[in-house]
Amino acid sequence: ITAGHCVYMHNQGGWARQIEVIPGRNGSDRPYRSCIATNYRSTLGWINNRDRNFDYAAILLPETARYGDQLGWFGYTVKSDDELKALTTNLSGYPGDKPSGTQWFHSRQLMDVDDRVLTYDTDTAGGQSGAPVWIRTQDGSRYGVGIHTNGDLAGNSATRINQEVYNNIASWVAEVP
């Protein structure tokens, strides 16, 4: 799962031709190699209207690149407004203002929760779009509750995984062999 603007770029002619996926990248180290993906999904709200509320997508990995079978799967969940306001959320991604290919992590409580957007002052930079905004449960499991899409001085933000987003993700997951 990623930001819609990572796979469908309006100012560059639409769909990405290909995306290299590099799980666990650390600088030039590629512990699980990489794969090239050419199959994506996004929402009509993003594709047709550039609507920030629908800025999310999926990169469908080739059948030969089922990394989760080896590394485990990152969950995703729907949480109520009150639950989200009480939780510490985490964000880890690859910010463009740090050494190339290095993953950085930060966590904080959310600043604001609405039906489609989570707002936070968790530190981000360009290049982190599509990173998961996630929670960690008492048993150590990790579940995405949002998809990071925007940076702003007034607060960075994510597309919230509400029931509609959850259902879209589940349908896209079901398409992958």
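One can find the structure itself at the top, above this paragraph.
The paragraphs below set out a description of the structure included in this document.

The rules behind each value
Residues numbered from 1 in each chain as written. Predicted model: local features only at pLDDT ≥ 70, side-chain atom pairs only at ≥ 80, totals over all residues. Heavy atoms only, no water. Phe/Tyr/Trp six-rings, centres within 6.5 Å; stacked < 30°, edge-to-face > 60°. Helix = DSSP H or I, 4+ residues; strand = E, 2+ residues; numbered from the N terminus. Salt bridge = Lys/Arg side-chain N within 4 Å of Asp/Glu carboxyl O. Buried < 20%, exposed > 50% of the residue type's maximum accessible area, 1.4 Å probe, protein only. 1 Å grid on protein atoms, 1.4 Å probe; cavity = no way out; pocket = protein on both sides within 12 Å on 5 of 7 lines; lining within 4 Å. Points joined across faces, edges and corners; volume = space filled by probe spheres on them. Nonpolar A, V, L, I, M, F, W, Y, C, P; charged D, E, K, R; others polar. Expected span 1.5 Å × (residues − 1). Arc of directions from axis to C-beta. Contact = heavy atoms within 4.5 Å.

Taken as a whole, this structure holds six aromatic pairs when the rule is applied. Their ring planes at 15° and their centres at 6.3 Å tell us that W15 and Y40 sit as a pair that is stacked. On the criterion of sequence distance, the pair formed by W15 in strand 2 (residues 14-15) and Y40 in strand 5 (residues 39-42) is long-range, its members being 25 residues apart. Centre to centre, the rings of Y56 and W172 are 5.7 Å apart; their planes meet at 45°, and the pair counts as tilted. Remark: W172 occurs in helix 5 (residues 163-175) and Y56 occurs in the loop between helix 2 (44-49) and strand 6 (57-60); sequence separation between them is 116 residues. Here a set of aromatic residues connected by ring pairs shows up, and it is made of Y8, W15 and Y40.

For the structure shown, the criterion picks out six salt bridges. In this structure, the salt-bridge partner of D69 is R66, at a minimum N-O distance of 2.9 Å. Here R116 ties to E164 by a salt bridge, and the two come within 2.5 Å at their closest N and O atoms. In this pair, R116 sits in the loop between strand 10 (112-113) and strand 11 (117-120) while E164 sits in helix 5, placing the two residues 48 residues apart along the sequence. Here E164 falls in the partly exposed class, since its relative accessible area comes to 37%.

With that settled, the discussion passes to the layout of surface pockets. Quantified by volume, the largest pocket comes out at close to 2,000 Å³. Looking at the largest pocket, it is lined by 48 residues, and the ones nearest its centre are I1, V21, L61, G130 and P132. For the lining of the largest pocket, the elements supplying multiple residues, two or more each, are strand 3 (19-21), strand 6, helix 3 (67-71), strand 7 (75-76), strand 8 (88-93), strand 12 (132-136), strand 13 (142-150) and helix 5. Looking at the lining of the largest pocket residue by residue, the class counts come to 28 nonpolar, 16 polar and four charged. Empty space within the second largest pocket amounts to approximately 160 Å³. Contributing to the lining of the second largest pocket are Y32, R33, S34, C35, T64, A65, R66, Y67 and Q70. A per-class count over the lining of the second largest pocket returns four nonpolar, three polar and two charged.

Next up on the list: helix 5. The first and last C-alpha atoms of helix 5 sit 19 Å apart over 13 residues, in line with the 18 Å expected at 1.5 Å per residue. Looking at helix 5, one finds that the buried residues are V165, I169 and W172. End-on, the buried residues of helix 5 take up no more than an arc of 65°, which puts them together on one face. Considering only its buried residues, helix 5 is in contact with strand 5, strand 6, strand 7, strand 13 and strand 14 (156-160).

All quantities given are derived from atomic positions and should not be read as evidence of function.
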